[in-house]
Every structure is written in C-alpha cells, then in structure tokens.
Protein chains: 2
Amino acid sequence: MQAYFQYDSKKTGGVTISHLRFGDKPIKSPYYISKADFVACHNPSYVDKGFKMVQDVKPGGVYLINCQWKPEELEKHIDGASRRYLAQNNIQLYTIDAIDLAIEIGMGKRTNTILQSAFFTLAKVMPAEEAVQHMKEAATKSYRKKGQDIVDMNHKAIDLGANAFVKIDVPASWADCPDTPEPEVHPDRPEVMKMVKDILTPVDKMDGDSLPVSAFVDHADGTFYLGAAAHEKRGVAVTVPRWDEGKCIQCNQCAYVCPHATIRPFALTEEEAAKAPEAAKIADWKAGKGKGVYKFAMAVSPLDCMGCGVCVGVCPTKAVTMVPREEEQPQEAVWNYMVDEVAPKEELFEMTVKGSQFHQPLLEFSGSCAGCAETSYARLVTQVCGDHMYIANATGCSSIWGGPAATSPYTRTKEGRGPAWANSLFEDNAEFGLGMYIGQKAIRDRLKSDIEFVAENGKVDSIREAAKEYLASYDDGKANELATRKLVAAVEKDGCGGEHCQAILKNKEFLAKKTVWIFGGDGWAYDIGFGGLDHVLAQGEDVNVLVFDTEVYSNTGGQASKASQIGQVAQFAAAGKTLAKKSLAQIAMTYGYVYVAQIAMGANPAQALKAIGEAVAYPGPSLIIGYAPCEMHSIKGGMTNCQAEMKKAVECGYWNLFRYNPALAAEGKNPFTLDSKAPTGSYRDFIMNEARYSALTINFPERAEELFTEAEKKAGERFANLELQKQMFEQEVKA
Amino acid sequence: MQAYFQYDSKKTGGVTISHLRFGDKPIKSPYYISKADFVACHNPSYVDKGFKMVQDVKPGGVYLINCQWKPEELEKHIDGASRRYLAQNNIQLYTIDAIDLAIEIGMGKRTNTILQSAFFTLAKVMPAEEAVQHMKEAATKSYRKKGQDIVDMNHKAIDLGANAFVKIDVPASWADCPDTPEPEVHPDRPEVMKMVKDILTPVDKMDGDSLPVSAFVDHADGTFYLGAAAHEKRGVAVTVPRWDEGKCIQCNQCAYVCPHATIRPFALTEEEAAKAPEAAKIADWKAGKGKGVYKFAMAVSPLDCMGCGVCVGVCPTKAVTMVPREEEQPQEAVWNYMVDEVAPKEELFEMTVKGSQFHQPLLEFSGSCAGCAETSYARLVTQVCGDHMYIANATGCSSIWGGPAATSPYTRTKEGRGPAWANSLFEDNAEFGLGMYIGQKAIRDRLKSDIEFVAENGKVDSIREAAKEYLASYDDGKANELATRKLVAAVEKDGCGGEHCQAILKNKEFLAKKTVWIFGGDGWAYDIGFGGLDHVLAQGEDVNVLVFDTEVYSNTGGQASKASQIGQVAQFAAAGKTLAKKSLAQIAMTYGYVYVAQIAMGANPAQALKAIGEAVAYPGPSLIIGYAPCEMHSIKGGMTNCQAEMKKAVECGYWNLFRYNPALAAEGKNPFTLDSKAPTGSYRDFIMNEARYSALTINFPERAEELFTEAEKKAGERFANLELQKQMFEQEVKA
C-alpha cells in the first residue's frame with residue numbers, strides 16, 4: 001500500500017486529501033492520484049464550495065458523497081462541471097448519510113469508521129467480508145481498553161458503513177448542463193480581486209497545483225496584497241455568536257478576546273445607524289465617551305467566525321450566545337455594511353480594553369485554530385500600532401496563520417495602511433526584525449535632513465509647522481504617524497516643488513516612524529532562535545518582540561521546548577518533562593535596558609494592553625511573553641475555554657504577570673511591577689484540567705505525582721522569588 | 001606590488017614570512033615566493049634553528065642576516081645545507097647588526113626600520129636615494145604626532161640601515177661542507193618521537209608545506225599524540241626566572257599562576273634529591289605535609305619558558321627574579337631530571353593553592369601569548385581532573401594555543417592519562433561537548449551491567465570488592481578514576497576470562513567517569529555560541545563550561561563582544577562601547593540547576609580553585625567564567641602584570657567574584673556566595689591602566705568622561721545588586 005496525505009494550511013476546518021494505492025508489490029508511483037477508481041467526499045461543504053473532486057475519478061469509477069441530501073437535491077449542490085463529468089464519464093455515483101448514522105449509534109461527529117467501511121465495500125480493494133473482518137479486529141484492538149461498549153459501537157459502524165450507501169442514477173441531462181456561475185466576489189481593490197480570482201480561490205479549492213506559473217507573475221517578489229483573507233468566507237463554524245443588544249453592557253470584552261476578529265463593536269452616527277440593513281441590531285450608547293453622540297452595534301461575521309465561542313465565555317452578562325450559523329446568515333450583510341460603510345472613529349477612543357476595540361483590527365480571519373490565543377494577542381497589537389507596523393515572523397504556527405501565500409489575514413485601514421509582514425527562517429527571525437528596524441531607520445535618518453531644512457527654511461507656515469511637529473515626534477510611532485500625514489498633506493497642497501519637498505513626497509511611505517515587531521513561538525524564542533533573540537535584545541535598538549508561549553512546538557506536532565514545564569507530556573518528553581521551564585523573561589531582565597513583560601490576556605486584559613503600549617513606547621528593545629493556551633494542551637471542554645484557562649493559570653501561580661520597564665528606572669522609579677497576586681487557586685486542579693498533564697497520571701501515575709509535586713513547589717518558589725525581586729528593586733531605587 | 005604574509009600559529013615569538021613582489025603592472029602570481037632576488041632573516045635564532053631560508057634565494061641573489069655575529073662566527077651558526085647552497089649558488093651574503101644599532105639610537109628592540117632601509121638598498125627595488133626619501137616621508141607622517149624626536153630617531157634608523165650592512169665572502173670550502181647533525185631528541189614514546197621528527201619539527205621550521213601526504217597517514221583520523229609540545233624547546237624567552245631556594249617560602253604561587261607550566265615544585269625523596277644533577281637547587285621542606293619527609297625543589301625550564309615574568313609578580317618573598325636565559329641554561333637538565341625521574345606524589349597533596357601544584361599540569365608549553373591568563377586557568381583545571389577529562393574547545397585563542405596540529409600542549413601522566421581534546425566550530429562547541437558527555441555516558445551505562453554482575457557474582461573477593469567500589473563511585477570523577485584502576489588491575493590479575501571480565505578489560509579506557517569540559521572565549525560563550533551554550537546548560541547534564549573572558553574577540557584581532565564593557569575601545573566600537581557587558585553568569589543562574597561562578601585567579605587563587613572543584617563535583621551543568629586579562633587590553637607594563645591586574649579589577653569592582661552552587665540549595669542552604677568584598681580601589685585608575693580604555697580619552701575625551709562615569713556607576717550598581725541577591729537567597733532559604 002502507498003498512502004500520501006495532502007493538507008491545506010488551515011488549522012481548524014482544513015482539508016485533507018488521502019491518496020491511497022493498494023497492491024501486492026511495492027508501489028513506487030508519484031503520490032498524487034488523478035485517475036482514481038474511487039473518490040469519496042467526507043464533508044458535504046466541499047461539494048457546495050465546488051472543489052474539483054469527481055474529476056479525479058476515472059471513467060466508470062466510483063464517487064461517494066457523504067451528505068444528508070436527498071437524491072433530488074444533488075443537482076443544486078453539485079456544480080455544473082462536476083455534473084457534466086459524472087454523466088459524460090459513466091461515473092457510479094453513491095451517497096451515504098454517515099452524519100445522521102453516526103449520531104444515531106452514539107458516535108457523535110465521528111463519521112470516519114462508517115465511511116471507511118463504505119470505502120472498503122465500494123472500492124473492492126479486497127473481498128467485502130474479509131475487509132469487515134479486518135476492520136472489526138482492528139477496532140477491537142484499538143478500543144478494548146476503553147470498554148466493550150466502544151468496541152461494539154465501532155463494530156456497528158462498520159456493519160452500517162458496508163451497507164448504508166445509496167446508488168444514484170446520474171441523469172443523462174447532466175451531460176450537457178451549464179457551468180454553475182461563480183459566486184459574486186465582495187468588492188475590493190481591483191488588484192486584490194484579481195489576486196483572489198487567479199490565486200486565492202483555486203488554492204482554497206485545493207486546486208493550486210493547476211495554476212500556471214504565469215498566475216504568479218504579478219507576485220514575483222513574493223509580495224501579496226493585504227486583506228485577502230476577507231474573501232475566503234470559509235463558513236467553517238457550525239454555531240456562531242448571536243448578540244443580544246438588550247443584555248449587552250458594551251464592555252467590548254467579546255471583541256477583545258476574539259482570535260478571529262469576527263465580532264466587533266461599531267460606533268455609528270444617527271445617519272449611519274439609519275442606513276444600516278434591516279437585520280442590524282443597534283443600541284443606544286450606555287456609558288462613557290460616545291454616550292449621546294453615537295449608537296452602538298456589535299457586529300458578527302458568520303462566514304468568517306470559527307465558532308470557538310471564546311466570546312461567550314468572557315461576556316459578563318450572557319449577551320452573547322452560540323446559535324446555528326444558518327440562523328445568523330442575515331448578519332453577514334450587517335457586517336459588510338459596518339465594515340464597508342461606517343466611518344472609522346478610532347481617534348476618539350483611547351487604548352483601554354473597551355476603547356481598543358473601536359480601533360480596526362488589522363489581523364482578521366486567519367487560518368488559526370478556533371479559539372487560538374496567539375491570534376488574540378497579535379490582533380490586539382495591530383489595534384495598537386498596526387497602521388505603522390512591520391512584522392518579522394518566525395516560522396511556526398504564527399507564520400502559518402499569519403501568511404499563507406495569497407491569503408494575508410493582515411489587512412489595511414481604509415487609508416491603506418497596515419502591517420508589512422514577512423516570515424523568516426526559524427533560527428534568525430530576531431535578526432531579520434532587527435534588519436527591518438535598521439533599514440527603516442537608515443532611510444528615515446537620511447530623510448530627516450530634508451525635513452530639518454524645511455522646518456528651518458520653509459516659506460509656507462503650514463509646512464514649516466508640520467515639519468517641526470514631525471521632528472518633535474520623530475521617535476514616537478503613533479504621534480509621528482499622525483505628524484507625517486499632516487506633513488505630507490501640507491507639502492502636497494503647498495509644497496514648492498524644490499528638492500526637499502520632492503524628497504518628502506517621493507519617500508512619503510518611509511517618513512513615519514515604524515514600530516517593528518518580531519513575532520514567534522516558544523520554539524523559536526526559547527530554543528532555536530534564542531541565540532539571535534538574545535543578541536538582538538542586547539543591541540539596545542527599538543524593536544518589540546512578542547512571544548506566543550504555548551510551552552510546546554505547536555506547529556510541528558507538540559515537541560517539548562525549553563518553555564515546557566515540569567510534568568508536561570510532549571514529544572521527546574513522553575514520560576513528562578523533568579526540567580523546569582526556562583525563565584526567558586528573567587534572562588532578558590538581566591540586561592537592565594530591555595523592557596520585559598509576561599502577560600495573559602484572559603487573566604488580566606488591561607495588563608496585557610498596558611504591556612503592549614509600554615513596549616511600543618519604550619525606545620529600546622522590548623520583550624513580551626504572552627501565555628498562549630493551545631489545542632495541543634487538550635484543555636477540558638476545548639479551546640472555548642482558552643481565555644478562562646489563562647485566568648486559572650495566573651490565579652494558581654502557574655503563570656505570573658509582571659512588567660519590567662527600564663524607562664521607570666531611568667526616572668529613578670522602581671522598574672518592576674508584579675501584576676499577579678499571590679496564588680490562590682489549586683495548581684494541581686489547574687494542570688489536571690489539561691490532558692498534556694493529566695495524561696501522565698494514566699501512563700505513569702507515580703512519576704506524575706512526583707513531577708506534579710515538584711512543579712507546584714517550583715511555582716511557589718517562582719512567585720516568592722518575584723516578590724523578593726520586587727523588594728530588591730525597591731531597595732535599589734532607595735539606595 | 002603584491003604582498004603576502006605567512007604566519008605560524010604561535011602567539012608570542014611566532015614566525016612571519018613576508019612574500020613581496022614589486023612591479024609596474026598588476027601582479028597575479030601565486031603568493032609564495034621560492035626563487036627570490038632577496039631574502040632577509042630578521043631574527044638570528046631562525047638561523048640557529050636551521051630554518052630553510054637561503055634556499056629560497058635564486059642563484060646570484062642576496063641573503064641578509066640580522067645578527068651580532070662576526071664573519072668568522074657564521075660558520076658555526078649557519079647549518080651545513082645552507083652553507084653549501086650559499087657557496088654553490090653564488091649567493092651574495094650580507095650581515096647587519098640592527099640589534100645593537102637600534103639600542104644605540106634609542107629604539108630598543110625595534111629593528112624593523114633599520115632592516116627595511118637595508119632591504120631597499122640591497123634589493124634595489126627602486127633607486128636607493130628615492131627609497132630613503134620615501135621612507136623618511138612616511139616616517140614623518142606616521143610619527144609626527146608622537147613628537148619630533150621620534151621622527152628624528154626613525155630618520156636616523158633609515159640612514160643607518162642603508163649603509164650598515166657588511167658583505168661577507170662566502171668561503172669556497174662551504175660548497176662541499178657536511179650536513180649539520182640533527183639535534184638530539186629528548187627520549188619519549190617511539191610514536192611521539194616519530195611524529196616529532198616527521199611532522200612537528202618540519203612544521204616548526206616553517207617547512208610544513210614540504211611534507212608529503214604520506215607523513216600524515218598515521219594521523220589520518222586527525223588524532224595527534226599528547227605531549228608533543230615538550231619537544232618544541234622554543235627558547236623564546238630573553239629572560240627566565242631564577243629561583244632562590246633560600247628566600248622561597250614554598251607557597252607555590254609562582255607555579256599556580258604560570259601560564260606555561262614552566263616553573264613547577266617537586267617533592268623529592270632523599271634518594272631522588274641525591275641523584276639530582278649538580279645544578280639542582282634543593283631545599284628542606286619548610287612547613288606542612290612533606291616536612292621531614294621530602295625535599296623541596298622549584299624547577300624551571302628555560303627553553304620552554306616564555307619569559308612573561310608573571311611568577312615574579314606573585315612571589316611574596318622575591319624568591320624569583322628574571323635573569324638572561326643563557327645563564328639559566330644548566331637548569332634545563334635539572335628540569336628534565338625532575339620531570340623524568342622524580343616519582344609523582346600527587347595523592348599526598350590536597351587541592352589547595354599550594355597542594356595543587358604538586359599535581360602534574362597536563363597543559364604545558366602552549367603557544368599562547370607570554371603571560372596569558374587563559375592558559376593559567378586551563379592548566380589549573382588539568383591539575384584538578386586532567387587524567388579523566390575530555391575537552392570540547394571552541395574556535396578562538398584557546399583552540400590555537402590548545403591544539404596546533406601535531407603539537408599538542410595537552411600532555412599525559414606517567415601512567416599515560418591525559419585530557420582528550422578536540423576543537424569544534426565556533427558556534428556549536430557546547431553541543432559538541434554535550435555529545436562527548438552523552439557518548440561516554442552511553443558506553444558506561446552499557447558496561448555498568450557487566451560490573452553489576454561481577455559485583456554480585458564475582459568469585460574473587462578482590463574483584464567483587466573493586467566492582468562494588470566502582471559502582472559506589474560511579475558518578476564521582478576522581479574517585480571513579482581510582483576505583484577503575486583497581487578494578488582493571490584486579491580483573492587483569494585474577495579475572496576468570498568470562499564475558500563480563502572480558503568486557504571490562506576490552507573497554508577499560510571507557511570505564512572511568514570522565515569529567516567533560518567545554519572551553520571557549522567570550523566571543524563563543526556570550527555571542528556566537530550562546531544559543532547552544534544556553535541549550536546545553538538547560539539540559540541539566542553533567543558538563544562543565546569554562547569561559548576565558550577577555551571581554552573581546554582576541555584571536556581575530558579585537559572585535560567587541562557582548563562581554564565587552566562600557567567605554568571599552570574595540571573593533572566595531574572604535575568610539576567606546578556604549579552598552580553594558582552581558583551578565584552571562586546571571587543568565588545561567590536563572591535556571592537554578594546550573595552551577596555558576598565568576599573567578600579571577602590573580603585576585604583570589606583559592607576561590608578560583610574552589611570553584612573548579614565545586615563545578616567538577618556538581619553532578620549537573622556548571623559554568624565558570626574566568627576573568628582573563630589579555631594582550632589585547634594593552635595593560636601598562638604588559639602581561640607581566642596579568643595576575644596583578646586581576647587583583648585590581650576585583651578590588652575596584654570592575655570584576656566580581658561569586659559562586660552559585662545548586663547543590664547547597666538542595667541541602668536547604670544558601671546557594672549563593674559573594675566572594676568579592678565591597679569595592680575599594682579606584683575604578684577609573686584601574687581602567688586608565690589599560691589602553692583599551694585610556695585610548696578613548698585621547699580620541700574622544702568628552703565621550704570617554706561620559707562613558708567611564710557610566711561604567712563606574714554600573715559597576716557600583718552591579719555590586720549592590722549582588723549584595724541584594726545574596727540577601728534574597730538568604731531570605732529564600734529562610735522561607
């Protein structure tokens with residue numbers, strides 16, 4: 001047998017294509033099968049989306065669709081080209097409703113056993129009875145430990161699968177049916193629409209291999225346009241949040257934690273509120289800035305939402321509930337209206353937990369896991385400084401959700417500004433980011449002399465003043481971004497056209513101070529890229545590092561890193577890691593001139609935001625380590641509990657919150673702030689809530705006891721040490 | 001003009017051969033010149049050593065020797081083959097006494113200007129007057145800043161050089177004079193003597209290029225025999241120490257600090273004392289162990305000594321003085337007697353500063369700079385555990401003095417045990433050392449079961465007991481080394497020849513616990529290899545790291561590293577480094593399970609030795625950072641003051657001494673010991689004693705003031721922080 005599995009880059013709701021060949025002799029064919037005896041589609045949404053599947057079946061072969069559709073409904077689901085292929089090539093079409101069958105026999109969403117059995121019966125790889133026999137034996141072996149009822153359930157599924165398929169007569173009329181029209185593309189810049197049509201859509205349909213080289217000519221330098229992820233409309237979520245405008249207290253916490261930026265508050269003028277689509281829910285402004293001025297709306301994008309339910313978990317008033325996606329479909333038009341038509345009002349809202357959410361997230365709809373903590377952090381950073389931001393991204397989850405080719409989830413403001421993003425190798429990403437910083441600094445320092453000339457000798461007051469404002473804010477990202485806009489506008493309006501004015505206009509994109517961020521996971525920051533990270537932090541330059549600390553190599557399947565904790569089960573630490581987690585924050589603090597913070601959004605959203613703001617403001621290197629619960633942790637109840645898990649982690653002392661700000665030391669103040677309170681929750685309860693720990697008690701119960709005790713002890717010592725450090729810094733300040 | 005310079009790998013007293021071609025058109029010849037119009041030998045010792053030089057002069061060409069010899073003395077200095085070549089090829093032989101001329105005009109050892117002028121006159125590259133004109137202009141330009149007297153002196157040297165050479169008539173009899181007999185090789189193992197003859201000697205004479213590939217066949221795997229450096233007998237020192245047995249209090253400090261292991265104490269029985277050569281100075285034992293039992297001798301090897309004078313500086317009673325080497329030549333025989341004939345009595349002497357020096361140094365006569373601090377540290381480590389030691393050495397000075405091909409300065413005991421040494425790349429040396437550790441551990445763990453079997457079932461009491469002793473000392477390097485000897489001896493004597501006994505004998509070299517050391521400089525540890533060093537320390541395995549911290553990339557010419565200090569002038573920091581030195585020790589301490597120490601031999605010899613002993617004893621990773629003054633620091637008075645400079649560095653708080661021993665924490669004790677006292681000396685005085693700092697006051701006086709003030713402030717803060725840390729650890733222990 002030869003087996004090859006083809007994946008897309010999506011973490012949740014991604015596509016897998018299994019290419020299987022059977023034979024008595026070793027098989028040495030190229031992996032991809034394009035003329036198959038048998039093709040099955042296990043997920044009906046792929047049929048709706050028009051994936052090319054039946055085209056891989058050879059004439060006379062078998063095509064099986066797993067769906068709840070009646071035979072007469074197939075015509076409206078299967079696209080025209082596929083129907084023509086079915087009819088013209090004498091394909092034997094079958095359907096099977098493994099979805100309802102699985103529910104019926106108690107297997108929930110697990111349709112695979114049923115479909116496997118159907119495969120063996122229809123594909124005739126071996127005699128059907130023999131296949132059933134083998135499958136049952138294998139199921140017995142696999143599930144014996146879990147109990148006889150599980151074994152029985154699987155045997156039942158095997159029996160069902162071998163018989164539950166239905167042969168469909170392909171209507172002769174399909175042989176010359178017309179193409180199904182392409183779905184309408186949401187309006188966007190022409191270049192983006194072209195990129196979406198030519199590259200993104202075929203790639204999304206797993207048909208990227210069919211693209212000719214010429215399709216990429218416009219992107220020969222590797223650049224893709226920001227914001228294309230908005231065109232994916234993946235519709236992966238089964239349930240999506242429904243907002244109750246009556247119950248909502250407008251705290252924006254749902255938006256603050258949303259990993260996918262699919263629930264967002266909007267401030268609407270009366271006029272904007274009046275023009276909103278009928279399905280829009282719009283409330284009076286309840287408190288604070290905006291009250292009496294604006295209307296409030298919390299919009300949801302059902303097709304972009306991943307259905308993680310994290311928003312529901314953090315809502316203090318149960319104003320958000322999960323409902324079937326179809327029911328909320330009308331909200332898509334509301335969403336589009338809010339995003340497209342409602343004017344940004346960012347400058348009115350300060351960077352508080354609530355206020356930050358009126359700032360456009362410049363990371364949206366990424367292919368991360370539903371509920372991912374990493375994207376929540378990254379999204380928040382883009383709300384703070386995304387319009388004047390460069391990102392150097394280490395290889396890992398964050399480069400997969402951050403930049404799958406042609407599908408940038410990083411996006412731009414209406415003015416056209418957004419994060420410039422690039423992925424480096426695993427090991428040299430810090431250096432890559434430092435290079436970005438130094439590059440922009442060199443260009444700006446060159447242009448500065450032009451602006452100094454204008455500030456001194458400019459004949460137009462507005463230009464001279466704008467130049468002065470630019471110079472005064474030279475090192476302050478946000479202020480300089482605004483000053484640059486003014487300066488460019490003034491020169492564009494009244495510039496003399498002389499060499500300095502020309503230089504300003506020609507280089508207008510380079511003028512504003514860029515905030516450089518270096519993103520990566522713990523595998524990068526603690527291990528493979530640490531040598532470079534240390535070196536870059538040591539240089540004293542104004543770069544900001546954000547580490548998504550999942551305490552494991554998430555992207556490559558869960559290998560232990562130096563961020564992994566005592567007792568944690570991981571690849572290369574199957575019996576639980578014995579060594580303590582590396583203190584990356586403490587290491588960076590030894591320099592004295594590096595801003596360092598540990599954050600956990602779900603535990604203290606305001607502290608997380610404060611740290612990001614301080615890091616951006618600090619004119620030297622900054623390192624923020626964000627605790628990032630992850631699918632790999634196997635948290636009880638799943639990633640819905642991601643933010644709640646952060647809270648528990650901090651409460652029990654598993655993770656500590658603190659900030660070390662050298663800017664304060666320079667003012668003679670204590671640079672160290674311990675934001676965590678003394679642990680109160682149970683450390684053991686916390687870790688036992690995650691299978692990455694609890695699994696150890698099953699396989700190595702005594703060792704688990706030992707390691708968990710040690711881990712808890714270490715956590716206590718760690719917090720005590722932080723308190724002593726706090727005292728130490730206080731004493732230092734006094735001395 | 002084409003110029004190529006050929007060097008050997010010696011740091012002090014090394015050889016440079018300048019290959020120069022002149023022409024009006026670009027020269028694209030291969031660099032080495034083997035048929036020259038002109039060859040000059042600037043150092044008469046090369047003639048005495050029999051370097052092939054005149055053989056590179058083409059028939060009829062010019063050969064100039066700088067020497068103080070009279071014409072009639074030449075015959076006894078120039079070897080036979082060279083004399084034949086001179087006579088047979090009509091070489092025009094000249095001598096010049098630039099040595100006395102330079103002294104005469106006040107230029108001291110600086111003979112180069114005189115010899116350059118002689119070169120231009122004799123080699124006739126351009127008209128002599130024109131050459132003199134150019135040289136004088138260049139000298140004026142180079143030395144104007146240093147004063148007119150320096151300019152005048154150089155002009156005088158140029159005039160002298162152009163005229164002071166003497167034409168020698170080559171006697172016709174030289175044409176068929178016999179070969180000069182090869183000097184006698186000191187007896188050694190036959191394989192070493194062969195290697196010395198076939199490889200080391202030609203390489204030492206800069207004639208390595210003439211060696212055929214076949215000369216290396218015995219070393220095809222890159223292995224060279226230990227101890228070959230003892231055959232170099234370089235005779236580089238002009239003055240060497242003379243020991244006054246009357247004044248000596250037998251503290252052994254001279255030997256303790258000797259970078260070259262060329263002054264060593266010996267404990268002699270009456271019989272050994274009686275047999276010593278006539279020139280031997282032997283004293284009664286004054287105090288402590290050995291008194292009434294042994295005689296005491298401090299032996300010096302004049303031909304191996306580098307003449308640094310560090311021993312003189314540390315002697316508390318002026319019992320060591322520097323005298324011309326020739327005067328001490330008779331001591332060479334004494335040295336050979338002591339080394340070859342006096343029995344080792346190591347086991348009687350404990351690892352104190354004094355006692356350690358009766359343990360054979362297993363690093364001797366390296367090609368380091370005279371006075372090098374690095375070799376003092378490394379030599380001391382070999383005295384502690386060199387007979388069961390592996391060394392992984394990063395590229396840098398320590399790999400150059402540590403392992404020039406065929407000339408290992410690491411050596412062996414009379415029993416044949418010594419450090420196994422290998423050099424890795426710059427960046428992965430820590431990993432290389434970890435690999436050595438894991439390799440030997442895997443082999444030992446496999447053999448352990450054989451010994452367990454023998455301990456349980458052995459029929460011979462002595463074997464069974466030895467096996468038990470072996471197992472009991474399994475993780476203790478020194479004890480296990482001794483237990484292994486016993487075990488092997490017992491099995492060799494009374495073993496049954498069964499499979500377990502066979503395994504023990506077959507693998508006897510692998511049985512003893514090896515102490516693995518990872519050596520490297522700050523360029524490696526703080527910068528290029530830091531990612532790996534961090535990772536290796538984090539693994540918790542029993543490896544020991546010794547960092548020779550010269551605060552600069554010494555081997556490559558003085559580039560700043562992250563170990564460089566504020567205000568220090570270095571390559572890439574020509575205007576003084578602005579950022580503080582990285583706290584490598586503090587970083588390693590964040591792990592909690594890494595033994596960490598900062599030492600400075602000259603400041604506190606006992607603390608340095610203590611740290612080395614603790615590191616070896618600690619069963620986890622250890623990191624020792626040794627402050628290593630260096631030629632690159634340009635210390636006033638030179639490297640003679642190396643050890644005294646360490647003392648000053650610690651006294652003024654420039655360098656701090658401390659030890660962090662996790663073994664103590666495990667016992668509930670304070671793991672942190674601050675060995676430095678509060679700074680008393682002047683920080684500014686200290687740094688102004690080294691041109692790496694004082695140079696800044698010349699080129700950037702204001703900036704120097706600013707940076708030096710900052711550096712002093714930081715040093716104060718650093719010490720205060722160490723005191724607070726000490727308190728913090730005390731509080732932790734109490735809690």
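Residues numbered from 1 in each chain as written. Chains lettered and ligands numbered in written order. Predicted model: local features only at pLDDT ≥ 70, side-chain atom pairs only at ≥ 80, totals over all residues. Heavy atoms only, no water.

1. Concerning the overall build of chain A
Part 1 of the reasoning: Check the secondary structure of chain A and you find 29 helices and 19 strands.
Part 2 of the reasoning: The C-alpha atoms of chain A give a radius of gyration of 28 Å, which matches the 27 Å a tight globule of 735 residues would have.
Part 3 of the reasoning: Seen through its C-alpha atoms, chain A measures out along the principal axes to roughly 85 × 65 × 55 Å.
Part 4 of the reasoning: For chain A, the proportion of its 735 residues judged to be buried stands at 53%.
Part 5 of the reasoning: Carbon and sulfur atoms form 54% of the exposed surface of chain A, whose accessible area is close to 32,000 Å².
Part 6 of the reasoning: Between the mean site of the 80 positive side-chain charges and the mean site of the 94 negative ones, chain A shows a separation of 2 Å. (Helix = DSSP H or I, 4+ residues; strand = E, 2+ residues; numbered from the N terminus. Rg over C-alpha atoms; globule rule 2.2 N^0.38 Å. Buried < 20%, exposed > 50% of the residue type's maximum accessible area, 1.4 Å probe, protein only. Areas by Shrake-Rupley, 256 points an atom, 1.4 Å probe, with all protein chains shown as cover. Lys, Arg positive; Asp, Glu negative; His and termini not counted. Charge placed at Lys NZ, Arg CZ, Asp CG, Glu CD.)

2. Some points on the pattern of salt bridges
All names here are of chain A.
Part 1 of the reasoning: Under the criterion given, the structure shown has 87 salt bridges over all chains.
Part 2 of the reasoning: We note a salt bridge from K10 to E232, for which the minimum N-O separation is 3.0 Å. Placement of K10 in the loop between β1 (2-7) and β2 (16-21) and of E232 in the loop between α8 (190-204) and β7 (239-243) is noted, with a sequence separation of 222 residues between them.
Part 3 of the reasoning: Via salt bridges that share partners, D387, E415, R417, K478, E481, R485 and E509 belong to a single interconnected network. (Salt bridge = Lys/Arg side-chain N within 4 Å of Asp/Glu carboxyl O.)

3. Let's talk about unusual backbone geometry
Residues and elements named next belong to chain A.
Part 1 of the reasoning: One non-glycine residue, A261, lies in positive phi territory at about 55°.
Part 2 of the reasoning: Summarising the element assignment, A261 is placed in the loop between α9 (253-257) and β8 (263-268).
Part 3 of the reasoning: On the basis of relative accessible area, A261 is assigned to the buried category, the value being 2%.
Part 4 of the reasoning: One non-glycine residue with positive phi stands out, namely F365, at about 60°.
Part 5 of the reasoning: With respect to the element layout, F365 can be found in the loop between α13 (353-356) and α14 (373-385).

4. A look at the packing of aromatic side chains
To describe a pair of aromatic rings, you give the distance between the ring centres and the angle between the ring planes.
Part 1 of the reasoning: Going through the model one piece at a time under the given rule, you end up with 63 aromatic pairs over all chains.
Part 2 of the reasoning: Their ring planes at 75° and their centres at 5.5 Å tell us that F519 of chain A and F548 of chain A sit as a pair that is edge-to-face. Pair noted here: F519 of chain A is in strand β14 (residues 515-521) and F548 of chain A is in strand β15 (residues 543-549), with a separation of 29 residues, a long-range link.
Part 3 of the reasoning: Judged by its relative accessible area of 0%, F519 of chain A is buried.
Part 4 of the reasoning: Using a relative accessible area of 0% as the deciding quantity, one classes F548 of chain A as buried.
Part 5 of the reasoning: Seen in terms of ring centroids, Y591 of chain B and Y593 of chain B are 5.8 Å apart; in terms of plane orientation they differ by 55°. Their pairing is tilted. The burial state of Y591 of chain B is the same as that of Y593 of chain B; both residues are buried.
Part 6 of the reasoning: Directly above the aromatic system of F365 of chain B lies the positively charged group of K233 of chain B, at a separation of 5.4 Å from the ring centroid. (Phe/Tyr/Trp six-rings, centres within 6.5 Å; stacked < 30°, edge-to-face > 60°. Lys NZ or Arg CZ within 6 Å of the ring centre and 35° of its normal.)

5. Some points on the sheet that holds strand β13 (residues 420-423) of chain A
Residue and element names in this part refer to chain A.
Part 1 of the reasoning: Spatially, the eight strands line up as an open sheet ordered β13-β12-β14-β15-β17-β16-β18-β19, and their pairing is mixed. Strands with a single pairing partner mark the edges of an open sheet, and in this sheet they are β13 and β19 (672-674). On average, each strand axis in the sheet is tilted by 15° relative to the strand beside it, whichever way the strands run.
Part 2 of the reasoning: Across five bridges, the pairing between strand β12 (residues 389-393) and β14 is parallel. The partner of N393 across the bridge, within β14, is F519.
Part 3 of the reasoning: Contacts between helix α24 (residues 605-617) and the sheet are confined to β14, β15, β16 (595-599), β17 (622-627) and β18 (658-660), with β16 contributing the most and set at about 160° to the helix. (Pairing = 2+ DSSP bridges. Axes fitted to C-alpha atoms, helices over the stretch in contact; angles between N-to-C directions. Contact = heavy atoms within 4.5 Å.)

6. Focus on a nonpolar patch on the surface
Part 1 of the reasoning: A surface patch of nonpolar side chains, about 570 Å² in accessible area, is lined by M1, F5, Y7, L20, F22 and V125 of chain B.
Part 2 of the reasoning: Assessed through its relative accessible area of 60%, M1 of chain B is described here as exposed. (Patch = residues over 30% accessible without salt bridge, like charges linked within 9 Å, V, L, I, M, F, W, Y side chains within 5 Å.)

7. Some thoughts on the packing of helix α17 (residues 429-457) of chain B against helix α20 (residues 499-506) of chain B
All names here are of chain B.
Part 1 of the reasoning: Taken N-terminus to C-terminus, the directions of α17 and α20 make an angle of 130°; their axes are 9 Å apart at the nearest point. By the criterion of interaxial angle, the relationship of α17 to α20 is oblique. Both α17 and α20 take part in a crossing whose hand is left-handed. Residue-level inspection shows L447, D450, I451, F453 and V454 of α17 in contact with α20, the latter providing H500, A503 and I504.
Part 2 of the reasoning: Taken together, the residues of the contact of α17 with α20 break down into six nonpolar, one polar and one charged. (Parallel < 35°, antiparallel > 145°, perpendicular 65-115°, else oblique. Left-handed = near helix turned anticlockwise from the far one by under 90°. Nonpolar A, V, L, I, M, F, W, Y, C, P; charged D, E, K, R; others polar.)

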